[in-house]
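What the coordinates show
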Amino acid sequence: MYYMQGLQPFEAVAIWVVFGIAIVGLLYAVLLRSQIMREDKGTEKMQEVWTAIKDGAGAYLSKQFKSIIPLIGVLTIALFLSVYVVPPSPEAQERFAGMADSQIKLIIGIARALAFVMGAGFSLTVGQLGMRMAIEGNVRVAAASKKSFGDALRIAYRAGTITGMLTDGLGLLGGTIIFIILGIAAPDALLGFGFGGTLLALFMRVGGGIFTKAADVGADLVGKVEAGIPEDDPRNPAVIADLVGDNVGDCAGMAADIFESYEVTIVSGLILGLALWHVTGRLEWIIFPLMVRGIGVLSSIIGTYFVKAGKTGKSEDAMKAIFSGFLTSALISAALFFIAGFFYLNNPAMAEWGGWWRMPTAVGVGVLLAIVIDRLTEYFTGTHAAPVNDIKKAADTGPATLILNGITVGFESSVWSVLVIALTIVASIFIFGSIPGVEGTVKATFILYGVAMTGIGMLTLTGNNVAMDSFGPIADNANGIGEMSWSGMTDKATKEAQQIMADLDAVGNTTKAITKGVAIGSAVIAAVSLFGSFLVDVSRAQASQGMPAEKLIDAIGIRVDSPQVFVGMLIGGALPWLFSSFAIQAVTRAASLIVLEVRRQFKLGVLEGKVKPDYKQAVEISTTAAQKELVSLALLGIITPIVVGLTLKVEALGGFLAGIIVSGQLLAVFLNNAGGAWDNAKKLVEDEPKDPARNLGKGSERHKAAVVGDTVGDPFKDTAGPALNPMIKVVNLVAVIIAPIIVQYQGATGGALVVVWVVALALIGVLAWAIMRSKAPAPSMTADVKK
């Protein structure tokens, strides 16, 4: 750490304090785990269902790990070699002054490769351990519902907080370790760290989304439609896969997703901070973001204890308690940002660059952005606001009007979300664009740094966000365990417990939608920040090639009137739509395999009790199908930016990034909120008193219309929409990593030009294979099972 020039003793101590806070976050996760594990697991029947879910989760995690390892190995080698085709960065040369370039490349190559493995490993750990703890929590929440509403809420939220603290602790720990070891050369390795986390998030998010919807469709089609058994009948081999899928998609996937956003924002912030360090000579631009992250961990821990309710309550009481904890953490963190900023940044040197208040204000804007998106998403997807109730009313006239109403809700929510994010960027312009004497490219760098700081602020409360998301599948699973274990019981305590579970399940739907909204917003902010990092890295690479300063990309910008740039924007804008199409198609293909497996087991006599259902087999098939489909989707995000850069040059790659940011954000919010609104509208209809004469409640025509809307929305909100977040960031990180290489070879001639085009054509071939594989016809869902 002392390799950084000008590092003051206070700054050195601050970094070690941040490191210690990361450890505190992890220890707090261990403490919460011990508390959760002491809670009652309920009756023998409840534990039987719970054990089946645990076995299914184990099968999924085992298969996923085996699927990921080969790709991690290949990309680790690729990242190690990537540093050899470009000169070392100025920071690396300064950090390892006196060494030959070949030695510096070797060190940075090893650091980037190891950081990639660490990022991937941490992301995998967050997803796997978080999912396991969610499963440990669900049966205990179901048992607690027999005691009180408050106990069930407390256990569900704190079980989710374990995942949040793992995300916070490991994210902060990894970034701080890299910074301590490499100093100013840390961004070279942090790119690998962020890419590792992002790639694993893409696998876990997309694979989990395919898994959960394949299991859901398979269980319903064969169990409810063909066999006529109840939704949660334990004889259905896919019903446990359905419950596992909730954890796979919404717990493991979201945790990994927010983990990589957590890292990507700090990576972009440090890259832009180093650019400002070159201009100002001040390290505050680099140190303060790490201090902010440490403050966020402490604030999230404190906020946990404000999530509580009484012995009785309803869904609105649970939502109020959860938001109270979130708001408490937000207020504490915002206050501490300004206190830390005043004592650390309030010095004459920083006064020359606009004063101490600018960085804390930008971070505070990020926290405010998270709160606004929270409230905005709850309005469009919550059961107590007008949009969802309007969809419920539309059920009176059938599924068509209900679906149309949900589409309009999704469209409108996208507009308001993008306006909120636009205002956040405008706030950065006001905060950092008014520094006296700062103009031109330096002013643009300050503004982009401000955007990165808002992203860091937005994800300051990552512990709370992940806890809110994990709360959803925990409550959903607890409700399922209760329904499977308490069927036929009509005593007052059971009915009250079932109502508690139903209320918490409805709240879980809203909290999942809220955290998806935060994840989408953070993805856009992170992508804009990475876009700034992209411009910085391209300019440096161009300068190293001898290009005059006035012709560098950060001086002339990316001109939309350039045909190549416009083509790049069009391709970037189209990619999220192609990706979403293939993701939803993948759900259909994977679901068909589950249908065939369930039919096979039914033929063996599962329904008659001749053999027990093989839950693990159904989960393993769903897992294999999800991982198989995932390969082509991952290749779209990894290869497309490389092809665009190699064939259309680096300026077009910049246009490509702009296109994918705008298009991806609008589409992701639409898919997320429309799906969430349809889901909660269905739950409102189900909560009505059953009255066939008045067309109310389950089994009514209104209910059938609501189920149709929910079915349409399922892959929207649980597969395609959430998967766009890591896909956008994978594309941006790949662009930042390969940008210097493209600049190095875009003017190549002779043999080098031939190599560039051979590589480009080979990658186009791989893309064509991926697209053909994604469009391959699915097995017939009505075919006989020949096993």
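Residues numbered from 1 in each chain as written. Predicted model: local features only at pLDDT ≥ 70, side-chain atom pairs only at ≥ 80, totals over all residues. Heavy atoms only, no water.

Time to look at empty space enclosed by the protein. In the structure shown here, the tally under the stated rule is 3 cavities of 30 Å³ or more. In this structure, the largest cavity is lined by Ile373, Thr377, Ser417, Ile421, Gly517, Ile520, Gly521, Gln665, Val669, Asn672 and Asn673. Contributing elements (two or more residues each) for the lining of the largest cavity: helix H11 (358–381), helix H13 (399–432), helix H16 (492–544) and helix H19 (615–686). Here the element with the most residues in the lining of the largest cavity is H19; it accounts for 4 residues. In terms of residue class, the lining of the largest cavity is built from 4 nonpolar, 7 polar and no charged. Surrounding the second largest cavity, Asn509, Lys512, Ala513, Lys516, Asn672, Gly676, Asp679 and Lys717 form its lining. (1 Å grid on protein atoms, 1.4 Å probe; cavity = no way out; pocket = protein on both sides within 12 Å on 5 of 7 lines; lining within 4 Å. Points joined across faces, edges and corners; volume = space filled by probe spheres on them. Helix = DSSP H or I, 4+ residues; strand = E, 2+ residues; numbered from the N terminus. Nonpolar A, V, L, I, M, F, W, Y, C, P; charged D, E, K, R; others polar.)

The subject of this paragraph is helix H18 (residues 563–603). Between its terminal C-alpha atoms H18 stretches 60 Å, which fits the 60 Å expected from 41 residues at 1.5 Å a residue. Approximately 25 degrees is the largest bend angle found in H18, and it occurs at Leu575, with the proline Pro576 only one to four residues beyond. Just beyond H18, the residue with positive phi is Gly605, at close to 105 degrees. (Expected span 1.5 Å × (residues − 1). Bend = angle between axes of the 7 residues up to and from the residue.)

Before going further, it helps to spend a moment on helix H2 (residues 44–82). With 39 residues, H2 ought to run about 57 Å at 1.5 Å a step, and its terminal C-alpha atoms sit 55 Å apart, in line with that. The axis of H2 is deflected most strongly, by about 25 degrees, at Ile68, and proline Pro70 appears within four residues downstream.

With that settled, the discussion passes to the packing of H18 against H19. Viewed as axis vectors pointing N to C, H18 and H19 meet at an angle of 175 degrees, and their least axial separation amounts to 7 Å. Here H18 is positioned roughly antiparallel relative to H19, judged by the angle of their axes. Each residue belonging to the contact of H18 with H19 can be placed in one class, and the counts come to 27 nonpolar, 13 polar and 5 charged. (Axes fitted to C-alpha atoms, helices over the stretch in contact; angles between N-to-C directions. Parallel < 35°, antiparallel > 145°, perpendicular 65-115°, else oblique.)

Attention shifts here to the environment of Val631. With respect to the helices and strands, the residue Val631 is situated in helix H19. Judged by relative accessible area, which is 32%, Val631 ranks as partly exposed. With residues up to four places along the chain from it excluded, the contact list for Val631 reads Trp769 and Arg773. (Buried < 20%, exposed > 50% of the residue type's maximum accessible area, 1.4 Å probe, protein only. Contact = heavy atoms within 4.5 Å.)

Within the largest apolar cluster, 267 residues are counted, with the highest numbers of intra-cluster contacts made by Phe288, Leu504 and Phe534. Each residue touching Phe534, except ones within four places of it in the same chain, is listed here: Ile558, Val650, Leu653, Gly654, Leu657, Ala735, Val736 and Ala739. (Core = buried A, V, L, I, M, F, W, Y, C linked by side-chain atoms within 4.5 Å.)

Approximately 970 Å³ is the volume attributed to the second largest pocket. Taken together, 33 residues line the second largest pocket, and the ones lying closest to its centre are Leu75, Ala78, Ile638, Ile642 and Ile738. Of all the elements in the fold, those that place two or more residues in the lining of the second largest pocket are H2, helix H6 (186–227), H19, helix H20 (701–745) and helix H21 (750–774). A per-element tally of the lining of the second largest pocket places H19 first, with 10 residues. Taken together, the residues of the lining of the second largest pocket sort by class into 27 nonpolar, 4 polar and 2 charged.

Here Thr460 shows up in the loop between helix H14 (440–458) and helix H15 (462–485). Judged by its relative accessible area of 1%, Thr460 falls in the buried class. At a separation of 2.9 Å, a polar atom in the side chain of Thr460 contacts the main-chain carbonyl oxygen of Ile456. Separated by 3.1 Å, the side chain of Thr460 and the backbone oxygen of Gly457 make a polar contact. Apart from the residues lying within four places of it in its own chain, the contact partners of Thr460 are Val292, Gly296, Ser300, Ser333, Phe337 and Val363. (Polar contact = N/O pair within 3.5 Å; in protein donor to acceptor, adjacent residues only side chain to side chain.)

Considering all chains together, one arrives at 21 aromatic pairs under this definition. Relative to Phe380, the ring of Tyr379 has its centre 5.0 Å away and its plane inclined at 80 degrees; by these criteria the two rings are edge-to-face. A relative accessible area of 3% means that Phe380 is categorised as buried. One aromatic cluster in this structure is built from Trp285, Trp353, Phe432, Phe446 and Tyr449. For Arg293, the ring lying beneath its charged end belongs to Tyr262, and the centroid distance is 3.9 Å. Seen from the ring of Phe323, Arg375 lies directly overhead, with NZ or CZ sitting 3.7 Å from the centre. (Phe/Tyr/Trp six-rings, centres within 6.5 Å; stacked < 30°, edge-to-face > 60°. Lys NZ or Arg CZ within 6 Å of the ring centre and 35° of its normal.)

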